[in-house]
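Here are the chains, one letter per residue:
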Amino acid sequence: MDTSGAPAPSPDTTRAGTTKGRARTDATRSTTRADATDATTRAGTTKGSARSGTPRADATNRSTRADATDGTTRAGTRDRSARTGTTRRNARTNATDSAGDRSARRGVRERATRTGVREHATRAGVDDHAPGVDGTGHGGGPARASRRRRTLLLLLALTAVTSAAALVLGLLSWAPDPPAPTRPLTVAEAERLAAVRVTNLRDLRAGVHVTAGEGAARTELVGWVDWSRPLLYLDVGGPGAGSDRGLVQRAGPVLVVRPDPTAVPTPAAPPLVPPTDRWRLRHLTPGTNLASLLDLLLGLAADRPDPTPTGDDARWIAQEVVAAGPVDVFQGSLTAAPPTATAPAAGTAAASGTPAAGTDVSARYWLDRDGRLHKLVTRLPGVGPVTVLLDRIDRPTLHPVDALGGRPGLPRALTAAEQRRWDALPARLRGQGGATLTLVAPVGVEVNLRGAGWLSWTGRTAYLAVADLGVPDRRTLLHRDAAGLSRTDVPADAGGGGTAETPGRPPFPVPAGAWRTTRDARDDLDRLVDAAVAAAGPAAGRGAPVRVREDLADGRTVDVVEFRTDVALLRYWIDRDGSLRRVELRGGSGAWAQLDLAPAVVPRLPPPPRAAVRPRR
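Residues numbered from 1 in each chain as written. Predicted model: local features only at pLDDT ≥ 70, side-chain atom pairs only at ≥ 80, totals over all residues. Heavy atoms only, no water.

### Examining the overall build of the protein
Let me state the cut-off plainly: Only DSSP runs of H or I with at least four residues qualify as helices, and only runs of E with at least two residues qualify as strands; both kinds are numbered from the N terminus onward. Three exposure classes are used, based on accessible area relative to the maximum for each residue type with a 1.4 Å probe and protein chains only: buried under 20%, partly exposed in between, and exposed over 50%. By the convention used here, residues are in contact when the closest approach between their heavy atoms is within 4.5 Å. Surface accessibility in these figures is a Shrake-Rupley result with a 1.4 Å probe; residues are shielded only by whichever protein chains are displayed.
In terms of helices and strands, the protein carries 10 helices and 23 strands. Relative to its 617 residues, the protein shows a buried fraction of 42%. Considering only residue pairs separated by 6 or more positions, the protein has 58% of its internal contacts joining residues 24 or more positions apart. About 32500 Å² of surface is accessible on the protein, with carbon and sulfur atoms providing 56% of the total.

### Topic: the confidence of the model for the protein
Cut-off, in case you're wondering: A score from 0 to 100, pLDDT tells how confident the predictor is in each residue.
The predicted model of the protein averages 78 in pLDDT, with 71% of residues at 70 or higher. Note that pLDDT drops below 50 for residues 1-88; the model gives that stretch 61 contacts with residues more than four away or on any other chain. Low pLDDT, under 50, characterises residues 338-354; the stretch is placed with 28 contacts to residues that sit more than four places away or in other chains.

### Some remarks on the packing of aromatic side chains
For the record, the criterion: Here a Phe, Tyr or Trp ring, Trp counted by its six-membered ring, pairs with any other such ring whose centre lies within 6.5 Å, and the pair is stacked when the planes are under 30 degrees apart, edge-to-face when over 60, and tilted otherwise.
Within the structure shown, the criterion is met by six aromatic pairs. Relative to Tyr-572, the ring of Trp-422 lies with its centre 6.0 Å away and its plane at 40 degrees, an arrangement referred to as tilted. Here Tyr-572 lies in strand S21 (residues 569-575) and Trp-422 lies in helix H8 (residues 416-423), a separation of 150 residues in the sequence. Accessibility expressed as a relative area gives 7% for Trp-422, which makes it buried. Ring plane angle 75 degrees and centroid distance 4.9 Å describe the contact between Phe-563 and Tyr-572, whose orientation is recorded as edge-to-face. Judged by relative accessible area, which is 2%, Tyr-572 ranks as buried. These aromatic residues form a ring-pair network of at least three members: Trp-422, Phe-563 and Tyr-572.

### Describing the nonpolar core
Applied cut-off: What we call a nonpolar core is a set of buried Ala, Val, Leu, Ile, Met, Phe, Trp, Tyr and Cys residues that are connected through their side-chain atoms within 4.5 Å.
Counting residues in hydrophobic clusters, the biggest one holds 43 residues, and the most contacted among them are Leu-294, Leu-376 and Val-386. No other element matches the seven residues that helix H7 (residues 289-298) contributes to this core. Each residue touching Val-386, except ones within four places of it in the same chain, is listed here: Val-210, Thr-211, Ala-212, Leu-293, Leu-296, Leu-376, Val-377, Thr-378 and Leu-380. Leu-464, Val-466, Phe-563 and Tyr-572 belong to the second largest nonpolar core, which has 37 residues in total.

### Some details on the sheet that holds strand S17 (residues 484-491)
Spelled out, the test is: Should DSSP find at least two bridges between two strands, the strands are regarded as paired. Lines fitted to C-alpha atoms define the axes here, with helix axes fitted over just the stretch in contact, and angles between the N-to-C directions of these axes take values from 0 to 180 degrees.
In space, the 11 strands of this open sheet follow the order S18-S17-S16-S15-S14-S13-S23-S22-S21-S20-S19, with antiparallel pairing throughout. Edge positions in the sheet fall to strand S18 (516-518) and strand S19 (546-553), since each of these pairs with one other strand and no more. The sheet shows a mean angle of 20 degrees between the axes of neighbouring strands, direction not considered. In the sheet, strand S13 (residues 434-443) pairs with strand S14 (residues 447-456) via 10 bridges, with the strands oriented antiparallel. Opposite Leu-437, over in S14, you have Gly-453 as the bridge partner.

### What to know about the pattern of salt bridges
Put simply, the rule is: By salt bridge we mean one thing: a side-chain nitrogen of Lys or Arg within 4 Å of a carboxyl oxygen of Asp or Glu.
Summed over all chains, the structure comprises 35 salt bridges. Two residues, Arg-549 and Asp-551, come together in a salt bridge whose shortest N-O distance is 2.8 Å. Here Arg-549 and Asp-551 have matching classes, each one buried. Among the ionic pairs, Arg-556 bridges to Asp-577, the shortest N-O distance being 3.4 Å. With Arg-556 in strand S20 (residues 556-564) and Asp-577 in the loop between S21 and strand S22 (580-586), the pair connects residues that are 21 residues apart, well separated along the chain.

### Concerning the environment of Gly-497
Mapped onto the secondary structure, Gly-497 falls in the loop between S17 and S18. Along the sequence, Gly-497 and Pro-507 sit 10 residues apart, while their C-alpha atoms lie 9.2 Å from each other. With residues near it in sequence (within four places) discarded, Gly-497 still touches Arg-475, Ala-492, Pro-503 and Gly-504.

### As for the sheet that holds strand S10 (residues 362-367)
The pairing of strands in a sheet happens through backbone hydrogen bonds and is either parallel or antiparallel. Spatial ordering of the open sheet is given by S1-S8-S9-S10-S11-S12-S2-S3-S4-S5-S6-S7, a layout of 12 strands whose pairing is antiparallel. Since the sheet does not close on itself, it has two edges, and those belong to strand S1 (183-184) and strand S7 (280-281), each with one partner. Both strand S5 (residues 246-251) and strand S6 (residues 254-259) contribute to a ladder of six bridges, which runs antiparallel. Counterpart to Val-248 in the pairing with S6 is Val-257. Across the sheet, helix H5 (residues 187-194) touches S1, strand S8 (315-322), strand S9 (325-333) and S10, and the angle it forms with S9 is around 80 degrees.

### Things to note about a positive patch on the surface
Note the threshold: Patches here are clusters of residues that have more than 30% relative accessible area and form no salt bridge, with a 9 Å joining cutoff for like charges and a 5 Å cutoff for nonpolar side chains (Val, Leu, Ile, Met, Phe, Trp, Tyr). Counted charges follow a simple rule, with Lys and Arg positive, Asp and Glu negative, and His plus the chain ends left uncounted. The location of each charge is read from NZ of Lys, CZ of Arg, CG of Asp or CD of Glu.
Taken together, the side chains of Arg-144, Arg-147, Arg-148, Arg-149 and Arg-150 make up a positively charged region of the molecular surface. As for its placement among the helices and strands, Arg-148 is situated in helix H4 (residues 141-173).

### Side note on the pairing of S14
The buried count for S14 comes to nine of 10 residues, which makes it a mostly enclosed element. Taking the residues between adjacent antiparallel strands as the criterion, S13 and S14 are bridged by three residues, where Gly-444 takes a positive phi near 65 degrees. Both S14 and strand S15 (residues 461-468) contribute to a ladder of eight bridges, which runs antiparallel. From the neighbouring strand, Leu-455 faces S15, where its bridge partner is Ala-462. Where S14 folds back onto S15 in an antiparallel hairpin, the turn is made up of four residues, including Arg-460, whose phi is positive at roughly 55 degrees.

Next up, the structure:
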């Protein structure tokens, strides 16, 4: 109810007011739409100028802003209609307004699109009436861009063809720089070449890789050389190695080998600690490849310089780079190796393939600034081309096998404790009674013996079966007592069996046969057995003992004591309990024979049936 006291308006008056309000609302809406259209047009023009390539996107953005403005206007209109209290009219008015708004938005989009296209064309220098541009905004831009792309691709292709042609012409016309001409050695270079062998001896050791021969006859040696002893330790391989395949050690003129026919042809460095078994003495036939190569390696060291080379025979060839650094390549004569056990008799030509004194064999030396030899290339008679590579970094200390005397030591006089054990040795052995023995004896030129048996210090007797690796199906029975040394040959089965490398102990009772008896020792085997038996006797005839080194025998620490007798150089291996563990004898070939002893209860060793004793000759 109205409590203001004013008279109620008549229906006509109310309708008139409503009509006037609606007229004002329409006027306001028209003004708002005009302003929105104006703003949209300006925004489209501005954004069309900024984004000259996307007129439709700009028009759409402007239409979205116009819609937002229209929405705000409609909200204001609905508020004014609510204040007049005419909800139904407002609904009809809103429906009418929505239809008008959609028409207005379409018009705004079309005008904004045309305005953006015109602005873009104006900035690009094209108006609506230029050729190729119609009223819809489509013109000649894509065609011109396509022409520019084709032109650019053509220029790139032309550049690539030109570069390729220049590269081909450069490669065809390139030639390496001619090598520097050879020339005679300077004084300093000649002195460096003359001191090669002295430098090797000063450096003591080096790793070596030797390739000799060609094709299927190629032999390769890999290992180390120690010029200070001298000592070689090599693995022999290659397709031409043949029976030489395996490990090799050479100390001076003495050569021992460990054959391995089943080894792969490709050589490899031998184990740094050599195996202890299956080594045997070997005499190389003069003229064989292996003999020539070993002579060559040991002949690369000397204790004084060679004569300084003069004339055109000694020349500078080139400068190269090896793994150790830059080197000079010299050409000169190959110095003759020192005479060895494989050398021919005096007055004959060298047949081993190593050049004899006065023989002119050309060689090329790769020397660094300090005169160290890194590579040697030559050609040996009967062998062919030879290449020697020296590794100056890989130079470990080498360990000779037992047949070559074992590892070196520092000889010195016995200490007080060592002297007491030495003096008490005969009584100690007689108290033990006896021992089993194992024989490994390279004797003579190329004889390798293996044996097993017993030794009695109380009875001063020894009995053993001996096998020769060269005659594996035969055994020699050896008996030693106070009457002398007796031998007989029997088949392997009757002589204790076993293999040639590890024969069995001799049979009991002592078999009858053609026993040959001598009063005195006649070879290295006899002298070795005599020395073992005589260890329990008086020390008369022994030279002053010298301790050579400390070693191991059957897991026990021993002192290796060396002394000389009237007939041989001997070594006793004495453990810290005073027991004798090994007797060694240096034979006439330079190799060492060993008789290993293990204290044990020994059966009675009766003498064999003997014929008349042979007189000593």
